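The residues making up each chain are set out below.
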Amino acid sequence: MDTRQVEYAIAVADELSFTRAAARVYAVQSTVSAGVQALERALGVVLFERDQHGVRMTQAGESVLPALRELAEAEARARTAADPGGELRGQLRIGVFSSVSYLALPRAIGDFHRDHPLVDLRLRSAPTGSRELAEDVRRGRLDLCLFGLPAAAAPGLAVHRLSTTPFEAILPPDHELASRATLRLTQLADERFVDAPVGFGNRDVLDIALGSLGIVRNVTIEATETAAIPAFVAAGLGVALLPGLLIPPTMEAVRVPLAERIDWDFSVVTRTSPGAATKALLDALLSTH
């Protein structure tokens, strides 16, 4: 089986577009289309449905895709083994949160790239948060992703905790409670809140914890970029509760510790048997936390 054709098919499956797949594998669209058709003939099945509405995987394609990914990973392992220097090769697809610039992740990935320049790194963020990222790892669209939910929320996957951080209150500078040394959750129960949408790990963890205490919040503003939440708070549009790790180091809002402790786990998720490149990046991330 032509491994280049396998690469084309995986790219189309991930992008659901022959145009985007061609750009990803540095080939013209006609070459990718011809390669996928040749692979379909070799396998005796149709992998993709193509019409004016776009590209969709067939049931046969969904069944074959995991094996195609295993072939691509096996080729990468073979090239690594054949390299006298044993340098890692292949593609590593990473799912990240919308706001990661002030976390240690960019630096860790940059160090990984310098150590393993033959690994093709691909990063993308998910507009709906941890659950979507984990599902993409499960379906083989990603190799590793950040995760902000409890491990039980990712059954069948490996959840590797990087750190645990408590939630803190974020208040406008002129808020009457901004000068307090600590705050109780009941003191904030009647406030208007700014938060991430449902499905983001920090939002879901917080909703469950507050629900167990009988506190129902009035969330009036939802921001998909966590870094934007303190900016809305500073503008006087509400208060927020964020894990300390996700609070930007510089902001105009005021952070106040909570009297009650609600912890948030910051983790990465992989499949239970990750490839060599995934495992190498995982080890690098674990060593930085």
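Details of the structure are given in the entry above.
On a predicted model such as this, the values are computed, not experimentally measured, just so you know.

## Side note on the pattern of salt bridges
Within the structure shown, the criterion is met by 25 salt bridges. When the shortest N-O distance is used, the salt bridge between R138 and E135 registers 3.2 Å. One end of the pair, R138, and the other, E135, are both in helix α6 (residues 130-138), 3 residues apart, so they sit about a helical turn from each other. When its relative accessible area of 36% is taken as the criterion, R138 is described as partly exposed. Residue classification places E135 among the partly exposed residues on the basis of a relative accessible area of 33%. Between D195 and R217 there is a salt bridge whose closest N-O contact spans 2.8 Å. Of the two residues, D195 sits in strand β7 (residues 192-195) while R217 sits in the loop between α7 (201-212) and β8 (218-222), which places them 22 residues apart along the sequence.

## Examining the environment of R203
The topology assignment puts R203 in helix α7. Separated by 80 residues in the primary sequence, R203 and D283 have C-alpha atoms spaced 28 Å apart. The residues contacting R203, other than those within four sequence positions of it, are D195, A196, P197, V198, R217, V219 and E222.

## A closer look at the packing of aromatic side chains
All chains considered together, the criterion is met by 3 aromatic pairs. Considering the side-chain rings of F97 and F266, the 6.2 Å spacing of their centres and the 50 degrees angle between planes classify their relative orientation as tilted. Residue F97 is found in the loop between β3 (90-96) and α5 (105-115), and its partner F266 is found in strand β11 (residues 263-270); the two are separated by 169 residues along the sequence. With a relative accessible area of 3%, F266 lands in the buried category. With centroids separated by 5.8 Å and ring planes inclined at 20 degrees, the aromatic side chains of W264 and F266 adopt a geometry described as stacked. Taken together, the ring pairs connect F97, W264 and F266 into an aromatic cluster.

Criteria and cut-off values
- Residues numbered from 1 in each chain as written.
- Predicted model: local features only at pLDDT ≥ 70, side-chain atom pairs only at ≥ 80, totals over all residues.
- Heavy atoms only, no water.
- Salt bridge = Lys/Arg side-chain N within 4 Å of Asp/Glu carboxyl O.
- Helix = DSSP H or I, 4+ residues; strand = E, 2+ residues; numbered from the N terminus.
- Buried < 20%, exposed > 50% of the residue type's maximum accessible area, 1.4 Å probe, protein only.
- Contact = heavy atoms within 4.5 Å.
- Phe/Tyr/Trp six-rings, centres within 6.5 Å; stacked < 30°, edge-to-face > 60°.

All we've got here are geometric facts, nothing functional implied.
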